[in-house]
Amino acid sequence: LGIMANQNQSIDEDTCILLADELGIEIDMEEPNLDESVEEEYGLLKKDKERDLKLRPPVVTVMGHVDHGKTSLLDSIKSTHVTQSEAGGITQHIGAYTVNLSGKKITFLDTPGHEAFTSMRLRGAQTTDIAVLVVAADDGVMPQTVEAISHARSADVPIIVAITKIDKPEANPEKVKQDLMNENLVAEEWGGDTIVVGVSSKTGEGIDELLEMILLVAEMKELKANPNRQAIGTIIEANLDKSKGPMATILIKNGTLRFGDSIVSGICSGRIRAMEDGPSMPVVVLGLNDVPNAGDTIYAVKDDKTAKAIADKNAEISREKRLSQTTKISLDNLFEKISEEDVKELNIVVKADVKGSVEALNQSLLKLSTEEVKISIIHSGVGGINESDVTLAGASNAFIVGFNVRPTNTAKSQADAEGVDIRLYNIIYKVMDDVEAAMKGMLEPTYEEKVTGNLTVRETWKVSKIGTIAGAFVDN
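Since this is a predicted model, take the numbers as computed values, not measurements.

Definitions and limits used
Residues numbered from 1 in each chain as written. Predicted model: local features only at pLDDT ≥ 70, side-chain atom pairs only at ≥ 80, totals over all residues. Heavy atoms only, no water. Salt bridge = Lys/Arg side-chain N within 4 Å of Asp/Glu carboxyl O. Helix = DSSP H or I, 4+ residues; strand = E, 2+ residues; numbered from the N terminus. Buried < 20%, exposed > 50% of the residue type's maximum accessible area, 1.4 Å probe, protein only. Pairing = 2+ DSSP bridges. Axes fitted to C-alpha atoms, helices over the stretch in contact; angles between N-to-C directions. Contact = heavy atoms within 4.5 Å. Polar contact = N/O pair within 3.5 Å; in protein donor to acceptor, adjacent residues only side chain to side chain. Parallel < 35°, antiparallel > 145°, perpendicular 65-115°, else oblique. Left-handed = near helix turned anticlockwise from the far one by under 90°. Nonpolar A, V, L, I, M, F, W, Y, C, P; charged D, E, K, R; others polar. Core = buried A, V, L, I, M, F, W, Y, C linked by side-chain atoms within 4.5 Å. Patch = residues over 30% accessible without salt bridge, like charges linked within 9 Å, V, L, I, M, F, W, Y side chains within 5 Å. Areas by Shrake-Rupley, 256 points an atom, 1.4 Å probe, with all protein chains shown as cover.

## Some details on the pattern of salt bridges
Two side chains bearing opposite charge may form a pair once their charged atoms approach each other closely. One pass over the structure, following the stated rule, counts 16 salt bridges. Note that lysine 253 is salt-bridged to aspartate 129, the shortest N-O span being 3.7 Å. With a gap of 124 residues between them, lysine 253 in strand β10 (residues 245-254) and aspartate 129 in the loop between α4 (113-122) and β5 (130-136) connect regions that are remote in the sequence. One exposure class covers both lysine 253 and aspartate 129, and it is buried. With its nearest N and O atoms 3.4 Å apart, the salt bridge here joins aspartate 416 to lysine 412. Residue aspartate 416 and its partner lysine 412 are located together in helix α12 (residues 409-418), separated by four residues, close to a single helical turn.

## Quick notes on the sheet that holds strand β17 (residues 399-403)
Read across the open sheet, the four strands follow the order β16-β15-β17-β18; overall the sheet is parallel. Across the chains shown, the open sheet's two edge strands, defined by having one partner strand only, are β16 (374-382) and β18 (422-425). Taken pair by pair, the neighbouring strands of this sheet meet at an average axis angle of 25°, ignoring direction. Along the sheet, helix α5 (residues 143-154) contacts β15 (345-352) and β16; its crossing angle with β16, the most-contacted strand, is approximately 155°.

## Let's talk about the environment of serine 201
With respect to the secondary-structure elements, serine 201 resides in the loop between β7 (195-198) and α7 (207-221). Relative accessible area serves as the criterion here: at 23%, serine 201 is assigned to the partly exposed category. Along the sequence, serine 201 and aspartate 167 sit 34 residues apart, while their C-alpha atoms lie 8.9 Å from each other. Residue contacts for serine 201: discarding those within four places in its chain leaves Gly69, Ser72, Leu73 and Ser76. A distance of 3.3 Å separates a polar side-chain atom of serine 201 from the backbone nitrogen of leucine 73.

## As for the sheet that holds strand β6 (residues 159-164)
Paired through their backbone hydrogen bonds, the strands of a sheet run either parallel or antiparallel. The strand order across the open sheet formed by six strands is β3-β4-β2-β5-β6-β7, and the pairing between neighbours is mixed. The open sheet has two edge strands, β3 (96-101) and β7, and neither has a second partner. Here the average twist between neighbouring strands, direction ignored, is 30°. Here six bridges tie β3 to strand β4 (residues 104-109), and the two strands are oriented antiparallel to one another. Bridging from a neighbouring strand, threonine 98 pairs with threonine 107 of β4.

## Quick word on the packing of helix α10 (residues 355-366) against helix α13 (residues 428-440)
When two helices pack together, their arrangement is given by the angle between the helix axes and the distance between those axes. It is the contact of α10 with α13, at a shortest axis distance of 10 Å, that shows an interaxial angle of 25°. One finds that α10 runs roughly parallel with respect to α13. Between α10 and α13 lies a crossing of right-handed hand. Counting all contacts with α10, which are made through Ala360, Leu361, Ser364 and Leu365, the residues of α13 involved are Ile428, Val431, Met432 and Val435. In the contact of α10 with α13, the residues fall into seven nonpolar, one polar and no charged.

## Section: the environment of glutamine 414
Along the chain, the position of glutamine 414 falls in helix α12. Once the C-alpha coordinates of glutamine 414 and asparagine 386 are considered, the two residues, 28 residues apart in sequence, prove to be 9.5 Å apart. Setting aside residues up to four positions removed in sequence, glutamine 414 forms contacts with Glu387, Val390 and Thr391.

## A short note on helix α11 (residues 387-395)
Among the nine residues of α11, seven are classified as buried, and the element is accordingly described as predominantly covered. The complete set of buried residues in α11 reads Ser388, Asp389, Val390, Thr391, Leu392, Ala393 and Gly394. Near the N-terminus of α11, the side chain that reaches the backbone nitrogen of serine 388, with its oxygen 3.2 Å away, is that of asparagine 386.

## What about the pairing of β4?
As defined by bridge partners, strand β2 (residues 59-64) adjoins β4 across three bridges and the pair is classed as parallel. From the neighbouring strand, valine 60 faces β4, where its bridge partner is phenylalanine 108. Counting the residues in the hairpin turn of β3 and β4 gives two residues, including serine 102, whose phi is positive at 50°.

## Describing the nonpolar core
If you look at the biggest cluster of nonpolar residues, it comprises 27 residues, and the most contacted ones within it are Leu73, Ile106, Phe108, Val132, Leu210, Leu211 and Ile214. The biggest single contributor to this core is α7, with eight residues. By size, the runner-up hydrophobic cluster in this structure holds 23 residues, among which are Leu331, Leu361, Leu368 and Met432.

## Quick notes on a nonpolar patch on the surface
Residues Leu1, Ile3, Ile11, Ile17, Leu18, Leu19, Leu23, Ile25, Ile27 and Met29 make up a contiguous nonpolar surface patch of about 930 Å² in total accessible area. Mapped onto the elements, leucine 23 comes out in the loop between α1 (13-22) and α2 (38-41). Among the residues examined, leucine 23 registers a relative accessible area of 57% and is labelled exposed.

What follows is the structure in structure tokens.
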């Protein structure tokens with residue numbers, strides 16, 4: 001038939017039928033189950049029986065504005081509650097560590113803020129059970145605090161607020177609670193349902209109370225796992241060590257990982273050469289044939305052959321996905337997606353130059369919701385469009401509306417790479433018209449702005465009759 005193939009190569013269905021007919025062999029083609037994932041095919045997602053489930057420690061991510069004391073808080077918790085010796089049964093690992101409070105454990109993800117939190121969610125990893133929002137008592141709610149709230153809400157994770165630096169003379173926790181009310185986080189003592197704890201990393205005040213509150217929320221959530229099954233976990237971080245080869249820090253979500261287990265994560269497979277750990281426990285493993293992606297799920301399987309087969313199949317699916325790249329939601333393809341019934345909720349990130357514009361845009365956009373499509377503002381804030389906005393939009397399949405603001409160079413490049421739609425406006429009714437027209441499938445072509453150069457403003461002077469003069473440095 002003019003096809004060169006050796007004994008290790010696959011041939012397509014048509015060639016197979018022709019060949020079988022030529023050789024007088026009857027074959028029965030099995031129809032592939034296209035709805036079944038690789039994990040389902042190999043029985044990796046089997047449900048646990050209720051009687052086998054036991055309570056597991058909660059996994060906590062600490063988020064908040066820069067310089068509000070996230071690192072100091074984590075260091076204070078570590079120094080008080082993390083036992084450095086192996087005898088205590090608690091081992092500190094890269095990227096995650098477990099603390100002990102009265103015999104109960106809490107696992108903290110040591111990730112750099114909300115962007116990493118959302119990057120992991122972008123890969124489909126819902127690793128966090130509880131988010132601790134850090135707000136400084138002497139500073140209040142800041143832009144990154146609002147971003148962190150949006151990221152946590154978008155992931156549908158309960159938020160506990162830790163008001164740090166309460167030992168400072170200028171600390172004003174009541175103002176922080178007032179600011180949080182504007183973000184719909186009402187403290188329990190003010191009649192709301194948000195747990196707010198005042199802490200000081202310097203004196204250690206409130207640290208135990210914060211950990212107790214985390215355990216209380218975890219108790220209410222009834223987090224359970226089956227320690228007596230093959231492990232399922234999430235890659236927290238991975239790197240290539242010169243002497244040890246591919247290393248991965250894994251957070252076990254269910255089951256127990258043991259020395260010698262065969263494991264697979266995406267297109268990587270191998271055999272464990274590390275210690276044993278149970279649900280919600282972090283562990284560093286060696287033995288993978290390649291460096292996996294942070295945020296990917298990792299499975300323990302019965303043998304090396306199964307691990308290799310799953311990895312090969314995932315590699316094949318990955319190639320196909322790259323060829324048929326799925327498009328993110330944009331105003332241009334919105335009507336098409338609605339027609340295909342892919343969209344029931346339209347997620348939007350709103351950024352504007354002033355608070356008043358943000359509120360006006362939010363209210364106007366929410367009024368455009370119809371029976372077919374519900375509009376949801378997943379994050380809104382004042383200031384330019386940054387990488388965090390693009391990451392959140394990418395993870396939530398949203399598009400970004402910028403009013404009198406522009407994206408940073410990095411955010412623009414990231415949006416282009418991830419296929420996130422950024423729309424810039426300076427007239428409010430034009431935003432409404434465009435979204436409404438897109439929902440009806442009658443959007444007019446847009447005019448793209450070409451940037452010819454970028455400058456950094458070093459100093460400004462006000463001159464009468466002329467206005468403001470800017471002294472700038474040309475970047476490119």
